[in-house]
Amino acid sequence: MESFELQDELQALQDVASYAIDNEHDLSDDPGAVSDLLDSAVDALANSSDNITNPAVFDAYRSLLKHAAALQGAHMIKILDSLSSAYLAHLDATVRDIDEEDQQTCIAAHKMPLEMYAFLLSWFVTAAEKVKTAGDDDAPAPAPKARRGRGGKAAASRTTTRTKPTEDWSWQNQIPPTLNLISKVLRMKSQKIWQASAEKETFINCVVRPVYYIIENEQYMKSADIRRGVYKAICLAVKHQSHALAAQISIMQSLQYYEHLSEPLAECLAILSRDFDHPQLGDEILREIAGKTFSAQDTKGPRAFSRFLVRYAELSPRQVLKQLSLLLSHLDSESYPMRMALVEVIGTIIRELAESAEDGAGAGGGADAGDGVGVGVAGGDKQKVMKQVNGLYELLLERTLDLSSYVRVKVLATLARLCDNTAKFPQQRLAMARAAVDALEDKAAGVRKAAVAILVKLILTHPYGLYGGLLSETEWRERYEQESAILAKMEGEVGKAVERAEGEDGSQVDEEEDEEDVKKKSRKKKRRNDDEDDDDEMDVDGEEEEDDEEEEENNDDEEDEEGDVTMADGSPRKKRARRKKRKSELDLEALTNEAAALGALNTNQHIQAKLTKKFCLDALEFIRTVEDGMRVAQKLLASTNKLEVLEAMEFFRVTYEYRFDGAEAGIKKMLHLIWSKDNNATSEDGRELKSVRSRLLECYRTIYFEPVQNLDPKQQINRIAKNMIKMTYEATLAELTSLEEMMRQLMDEGHIHEDIVAKLWQVYSSERPLPRAQRRGAVIVLGMLALAKRSVVADRVETLVKVGLGDRGKTDVTLARYTCVALQRLNGSAKKVKGSLLDKTLRIDMENPLFRKLRDTVERPCRTKEWFPMAEQAINTVYALGERPDVLCGALIKSLARRVFAKSAAGGDGIAASASQVQVDKDPDAMDEDEDSVDPDATQMSPTKASSQGGTGKDSGDAFELSQLLFIVGHVAIKQIVFLELVEREWKRQKHEKEMAAKIGGAGTPNKAKDQEELDQVAGNAEDEIGERIAAMREHELLYGSQSLLATFGPMLVHICGSPHKFKNRTLRMAATLAFSKFLCVSSQFCEQNHRLLFKILETSKDPSIRSNIVIALGDVAVSFSSIIDESNDELYKGLRDPDIVVKKNTLMVLTHLILNGMVKVKGQMGEMAKCVEDEDERISDLAKMFFSELSTKDNAIYNNLPDVISHLSVGAHAIDEEAFQSTMKYIFTFIEKEKQAENIVEKLCQRFRLSDEPRQWRDIAFCLSLLPFKSERSVKKLIEGLQFYRDKLHDEAVYARFQEILTKARSNKSANKPDAELNEFESILEENRRQGAEDQDFEKRVQGRKAIAKKRATRRTARKKPVAQQDADSD
């Protein structure tokens, strides 16, 4: 072949179909011709690699490649083998000739064959893809392919190829040897052959072109062999063949279009820099990336470049550091993936610099440190490196305020990884802790979770391990005070020399030092005002008792910073006074002595003392920062984001292990998560995460129940029992309820050993004097464990009676109370199934000594407020265990009544114990009574039936004892209702058993019939008769029966509650109101007659506790007799406007329960509930939001009440301010999801414009309209149809702005194929009406102004006429 122009051939090959070949062979019709042609070409190259220049051979290969789609796998293998072998042979010959430099002619002769081989190999790589793809369609099934295994060498036989056309062909397996061949070509000294740079560049590009083609396939790049071959080829081309510019262009394009190449290309550049000592290409690419601009809408490009930067920084941090000043421009990029990448890059560089600084090698120790000037660390020392690290940390901390939550999460995650460095950077860690605490209040859940995670990491890797590693603020404060005292003592001894010379109480300092000290203090104050965190400064946190200490701390810290030693004595006031003294007045000899003493102090001991103090100061600041974060982290435990909750739980577990003072509050808060409904595991980042409840149980087991090292079994049991008891200390009712559920689950799962239960019994029954809380805690826990295992208390009933209801219970009423609770567990925890007649409860004969003890416990004289909950639990125990609890309770009520009313004086006119006397005898710590109870009428009783007393005279008695009596009466009434329900169920069960027995045994024996005769007389022949009988007893006999004991107290309660001016004792009023409320739940007749009195008390009572109890009671009354309470619904909602937070919260909870369960009808009062959405109290706001969230699950409930809510909040006496209205509506409108509802609301709101006159109403309606989604054309159509109602309101700028928002929303939701003509026309109409309305308003203002001017002129004329008329009258 005379000539071969590689550039022209490559250009022509762009369109393969039109590529011209001089001696082209048509291979599409005759498959046999393919083999013949291929065999002849292979034989020619086998004879001599120079035969490629033969036109017939070259054209044969070109024809085969042009028609590659018609070839089979075996043909391709044969082509590749022949080309590779000949190419390699010719390459070896070329290299030998190049080494013998005198054969210039021979060297020139290699140019054309090498270009031809490069051209054919490049073409083959492109064609191989087509064969593979085309062959897949008619390829054999995978099973035969696996059976044959390798098949490349079998293709040598023409017969085999023809008989087995489905020969295995895998281009991927052939890629690594092909890349090795390319690498060998690139090692050649090409400049010896191609003198012209353009020709050489063309050849090298042709050689490397297959490499870039291969990397475009993501599947190929997953192979490690292929990746190594690609890296080697590119690196050789850049290093030896001046391919850098072309490689830069190709790499940038690959990054732009192929996301999977980000990390492989970064690895390639790292290898080029490390193994081939050629970092320049990486630098150029980094500079080019730094100059690119990414928009916020572009997602693919930034993502690929960001992954490249991150990977390259991991592999070659020094290289990236050299270009970091340019790359930092992307921290302000619109694209958040680029900002995230820069954050990770900075973190990687910090890690690299920190490690180099830690190794003591400085920045010059890096492999690439010598490349380039101005890197910033090249040739620098450790101090310079630390300065760079500090600057990079500042950049990271600034990014915690990034607009994108993804970036903020990435910053916190990067900082968390940096915590694992061996170099701790204490000051930077303090800044990280402060940033993390601030991020705990971020609006994004992911950011909050990351903030908690970094706090956990900071604690786990903290550098304050000098004293064992625990982080109790109390202990560290004590250490700090000790170190401060030691340092002050060391420096104070030196100051005595000056004290003797001056005769003053304090050390003398130089005037210049004083002035410098003042300057430092002013600088410190300025920094503190600017909220800038100085490295050696501690926040005071408003603790007055530490002011003096912290002044000394800051002074000493600044001495550390300046490097000199100044004596710290005394108050700043004295220093200011001494500062006015002139230097000439000082005792120079004393100063000389002091200087000498100070010099002697400059020893290792003094320096160590100062450093230890600074160390304690930093630890204290870190601890206080984390403690601040705990208060916020407690709120995260209530988050709806499960991952966030799990991270917060881990945070409190770690802080508890490190003994943070505030950790216990968080651990207690965690307890409520036992009610979490989430029981499914979650996976995140490939990790399997437990459910919230499982994680909670695991945390508590770890903290309280797992054995610790170096303790024998007995000590382990004591420790676990003590931990269980401590959990009950100062626990609220809610915490005890949650703890009870957790203990039940732990007991069910077998995590609590019998020895621990035995130890708890030992603590409870111990004869030794123990703290009351400890003995109480033991019985509380035992009662909790008995829920899961009844035998825990069933086997030790005698112990409970002896201790809790015996002498111990006499002196400790609370112990008796929890003993009663434990006794109730004898019935287990089996919940009653609705409709089931099965009853597994245990009933004990009333002659059992247990009931005698219970009665004695209640009757025992006691004047503490703890008696009431104890008595409540005692009554509960009687009704839970007794066969006839009403008999015992009746006797108890009579006994208490006699005690109250039977203390008659000798004359019989009154009672000796008057109210005033009660005030004198009362234990001030025992009884909670109002001071005004000295009123002699405070405990005056009304005439009562008092059938048990046998008289009707006027009685006056002890107010507290009367309170006890009424409390018992009320509680017995409510428990008697429950007992009647149990009786009803028992009757029905017996009836059911009788019927089943009759069915099984026929008519039954005469004896059985006789046994059931009495039951039939009582219960009737049908279950309905049983229910009616029980209802009649409840309705008419309990409170109105002639033989009913409770009937005696009904009128008494009404009189006491209705006469607050007479009965002023607070305890009496509370007990009477509570009992009265319970009576209302018994009988509808009593409720009908007296329920208005309860509402009157709710309205007039000044005691928030009474109001709160009434609200809760009204909820129970509404459940019992909803038809009666429905008439007074409005008054129930008044509690939502109560000034007391507790009353307001209870009202909201009661209404939530009643409304969601359909027990009361909502009649336009939903607006009051909506007001609570924006309440100042967070608990009330959360409750209101929960209410609307649950209400939204009811069919159209929010939609039906929405008009009333808008009217209630926008106009009238109940209207709220505009800002609160908007935030409330924004929340409520999130539940309007159905498009049909939205359309109807648009129509209704448009019609409201017609009836509204106030601009405020216009703005509110327009705002509500703007909250709707406008997803359908019908919504927009209804809005346009309602134009007549609001066209005259558009002149208001706020109203017009809302309609512009609606237009924007409608356009964004409109389908792309629909024209904008209608919306554009509507917009023009709105603009025209706005303009017209504005003109009308201006005109009206002008008219009004002229009217005012005219009126003013008329007034003046009238005023002038009056004096003239007066003068005329005078003259007449």
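As the structure is a computational prediction, the values presented were derived from the model and not from experiment.

Engineer: Explain the overall build of the protein to me, using residue names and the numbers behind them.
Structural biologist: Scanning the protein for helices and strands turns up 63 helices and two strands. Sorting the 1372 residues of the protein into buried and exposed places 50% on the buried side. Within the protein, contacts between residues separated by at least 24 positions form 74% of all contacts whose residues are at least 6 apart in sequence. As displayed, the protein offers around 67100 Å² of accessible surface, 49% of which is attributable to carbon and sulfur atoms.

Engineer: Give me the lowdown on empty space enclosed by the protein, citing residues and values where you can.
Structural biologist: Within the structure shown, the criterion is met by nine cavities of 30 Å³ or more. Quantified by volume, the second largest cavity comes out at close to 60 Å³. As for the second largest cavity, its lining consists of L1202, P1203, I1206, I1241, K1244, L1245 and R1248. If you list the elements that add at least two residues to the lining of the second largest cavity, you get α56 (1197-1210) and α58 (1235-1251). It is α58 that provides the largest number of residues to the lining of the second largest cavity, a total of four residues. The residue inventory of the lining of the second largest cavity, partitioned by class, reads five nonpolar, no polar and two charged.

Engineer: Let's hear about unusual backbone geometry: which residues, and what values?
Structural biologist: At E730, a position not held by glycine, the phi torsion is positive, near 50 degrees. Of the residues examined, E730 reaches a relative accessible area of 78% and is grouped as exposed. Of note in this structure, F1270 is not a glycine but carries a positive phi near 50 degrees. Counting through the fold element by element, F1270 comes out in the loop between α59 (1255-1267) and α60 (1273-1281). Taking relative accessible area as the criterion, F1270 reaches 2% and is therefore assigned buried.

Engineer: Go over the side chain of N421 with me, naming the residues and quoting the values.
Structural biologist: Secondary-structure assignment places N421 in the loop between α20 (405-418) and α21 (426-439). If we ignore the near neighbours within four places in the chain, the residues touching N421 are R351 and A354.

Engineer: Explain the environment of V900 residue by residue, including any values.
Structural biologist: Checked against the element boundaries, V900 lands in helix α42 (residues 885-901). Overall, V900 belongs to the buried group, its relative accessible area being 2%. Residues V900 and A959, 59 residues apart in the sequence, show an inter-C-alpha distance of 8.7 Å.

Engineer: Please set out the nonpolar core residue by residue, giving values where relevant.
Structural biologist: Grouped together as the largest cluster of nonpolar side chains are 372 residues, with contacts concentrated most on F203, M724, F1188 and F1299. Looking at this core element by element, the count peaks at 14 residues for helix α44 (residues 959-1001). With near-sequence residues (within four places) excluded, M724 lies in contact with F705, M743, I752, I756, L760, V781 and L785.

Engineer: Any details on helix α30 (residues 663-670)? Residues and values, ideally.
Structural biologist: For α30, every residue scored as buried is listed here: A663, G666, I667 and M670. One side of α30 carries all its buried residues, which in axial view fall inside an arc of 100 degrees. Looking at the buried positions of α30, the neighbouring elements they touch are α28 (604-636), α29 (642-657) and α31 (692-705).

Engineer: An account of the pattern of salt bridges is needed here, citing residue identities and associated values.
Structural biologist: With the rule as written, the count across this model stands at 61 salt bridges. For R434, the salt bridge is made with E621, and the minimal N-O distance between the two is 2.7 Å. Taken together, the residues span a long stretch of sequence, with R434 in helix α21 and E621 in helix α28 at a distance of 187 residues. Note on E621: relative accessible area 6%, which makes it buried. For D812, the salt bridge identified is with R776, shortest N-O distance 2.8 Å. Of this pair, D812 sits in the loop between α38 (807-811) and α39 (813-824) while R776 is found in helix α35 (residues 772-786), placing the two residues 36 residues apart along the sequence. You can call R776 partly exposed: its relative accessible area is 22%. Connected through salt bridges with shared partners, the residues E650, R653, E657, R695 and E698 form a single ionic network.

Engineer: Outline the confidence of the model for the protein, supporting the account with residue identities and numerical values.
Structural biologist: With 77% of its residues at a pLDDT of at least 70, the protein reaches an overall mean of 78. The low-confidence segment residues 497-586 (pLDDT under 50) makes 128 contacts with residues lying over four places distant or belonging to another chain. Low confidence marks residues 904-956, where pLDDT is under 50. Its contacts with residues over four positions away, or in another chain, come to 83 contacts.

Engineer: Tell me about the side chain of Q964, residues and numbers included.
Structural biologist: Turning to its location among the elements, Q964 is positioned in helix α44. Dropping the residues within four chain positions of it, Q964 is found in contact with C862, W867, F868 and R899.

Engineer: So, helix α34 (residues 754-765): which residues are in play, and what are the values?
Structural biologist: Between its first and last C-alpha, α34 extends 17 Å over twelve residues, near the 16 Å set by a 1.5 Å rise per residue. Those residues of α34 not exposed but buried are I756, V757, K759, L760, W761, V763 and Y764. The inward-facing, buried residues of α34 abut α32 (713-726), α33 (733-748), α35, α36 (791-794), α37 (797-804) and α39.

Engineer: For the packing of helix α57 (residues 1218-1228) against α59, give the residues involved together with the corresponding values.
Structural biologist: Taken N-terminus to C-terminus, the directions of α57 and α59 make an angle of 25 degrees; their axes are 10 Å apart at the nearest point. If you check the angle between α57 and α59, you find them roughly parallel. Both α57 and α59 take part in a crossing whose hand is right-handed. Of the residues in α59, those touching α57 at E1218, F1221, Q1222, M1225 and K1226 are R1256, R1259, D1260, F1263, C1264 and L1267.

Engineer: Before we move on, could you go through the environment of V878 and cite the residues and values that matter?
Structural biologist: In this fold, V878 is placed in helix α41 (residues 867-881). V878 sits eleven residues away from C889 along the chain, and the two C-alpha atoms are 8.2 Å apart. Once residues lying within four places of it in the same chain are set aside, the contact partners of V878 are F851, L854, P885, L888 and C889.

Engineer: Before we move on, can you summarise the environment of Y19 with the specific residues and values?
Structural biologist: Tracing the backbone through its elements, the reader meets Y19 in the loop between α1 (6-12) and α2 (31-47). Classification of Y19 by relative accessible area gives buried; the value is 3%. Excluding anything up to four places from it in sequence, Y19 contacts E9, A12, L13, R62, K66, F119 and W123.

Engineer: Before we move on, could you go through the state of the cysteines and cite the residues and values that matter?
Structural biologist: The tally for this structure, following the rule as stated, stands at zero disulfides. No disulfide involves C1081; its sulfur sits 7.5 Å from that of C1087, the nearest cysteine. For C1081, a relative accessible area of 6% puts it in the buried group.

Engineer: Account for the packing of helix α47 (residues 1049-1058) against helix α48 (residues 1066-1080), with residues named and values stated.
Structural biologist: Two numbers describe how α47 lies on α48: the axes approach to 9 Å, and their chain directions differ by 130 degrees. By the angle between their axes, α47 is oblique relative to α48. The two elements α47 and α48 cross, and the hand of that crossing is left-handed. Along its contact with α47, which presents F1049, G1050, L1053, V1054, I1056 and C1057, the element α48 presents L1068, A1072, T1073, A1075, F1076 and F1079. When its residues are assigned to classes, the contact of α47 with α48 shows ten nonpolar, two polar and no charged.

Engineer: Go over the packing of aromatic side chains, please, and point to the residues and values.
Structural biologist: Using the criterion set out here, one finds 29 aromatic pairs in the structure. Aromatic pair F119 and W123: ring centres 5.8 Å apart, planes at 65 degrees, arrangement edge-to-face. Taken together, the residues span about one helical turn, with F119 and W123 both in helix α6 (residues 111-137) at a distance of four residues. Comparing F119 with W123 shows no difference in burial state: the two are buried. On the basis of an interplanar angle of 75 degrees and a centroid distance of 5.8 Å, the ring pair of F124 and W171 is categorised as edge-to-face. You can see F124 sitting in helix α6 and its partner W171 sitting in helix α9 (residues 171-186), a full 47 residues away along the chain.

Thresholds applied
Residues numbered from 1 in each chain as written. Predicted model: local features only at pLDDT ≥ 70, side-chain atom pairs only at ≥ 80, totals over all residues. Heavy atoms only, no water. Helix = DSSP H or I, 4+ residues; strand = E, 2+ residues; numbered from the N terminus. Buried < 20%, exposed > 50% of the residue type's maximum accessible area, 1.4 Å probe, protein only. Contact = heavy atoms within 4.5 Å. Areas by Shrake-Rupley, 256 points an atom, 1.4 Å probe, with all protein chains shown as cover. 1 Å grid on protein atoms, 1.4 Å probe; cavity = no way out; pocket = protein on both sides within 12 Å on 5 of 7 lines; lining within 4 Å. Points joined across faces, edges and corners; volume = space filled by probe spheres on them. Nonpolar A, V, L, I, M, F, W, Y, C, P; charged D, E, K, R; others polar. Core = buried A, V, L, I, M, F, W, Y, C linked by side-chain atoms within 4.5 Å. Arc of directions from axis to C-beta. Salt bridge = Lys/Arg side-chain N within 4 Å of Asp/Glu carboxyl O. pLDDT = per-residue confidence, 0-100. Expected span 1.5 Å × (residues − 1). Axes fitted to C-alpha atoms, helices over the stretch in contact; angles between N-to-C directions. Parallel < 35°, antiparallel > 145°, perpendicular 65-115°, else oblique. Left-handed = near helix turned anticlockwise from the far one by under 90°. Disulfide = S-S within 2.5 Å. Phe/Tyr/Trp six-rings, centres within 6.5 Å; stacked < 30°, edge-to-face > 60°.

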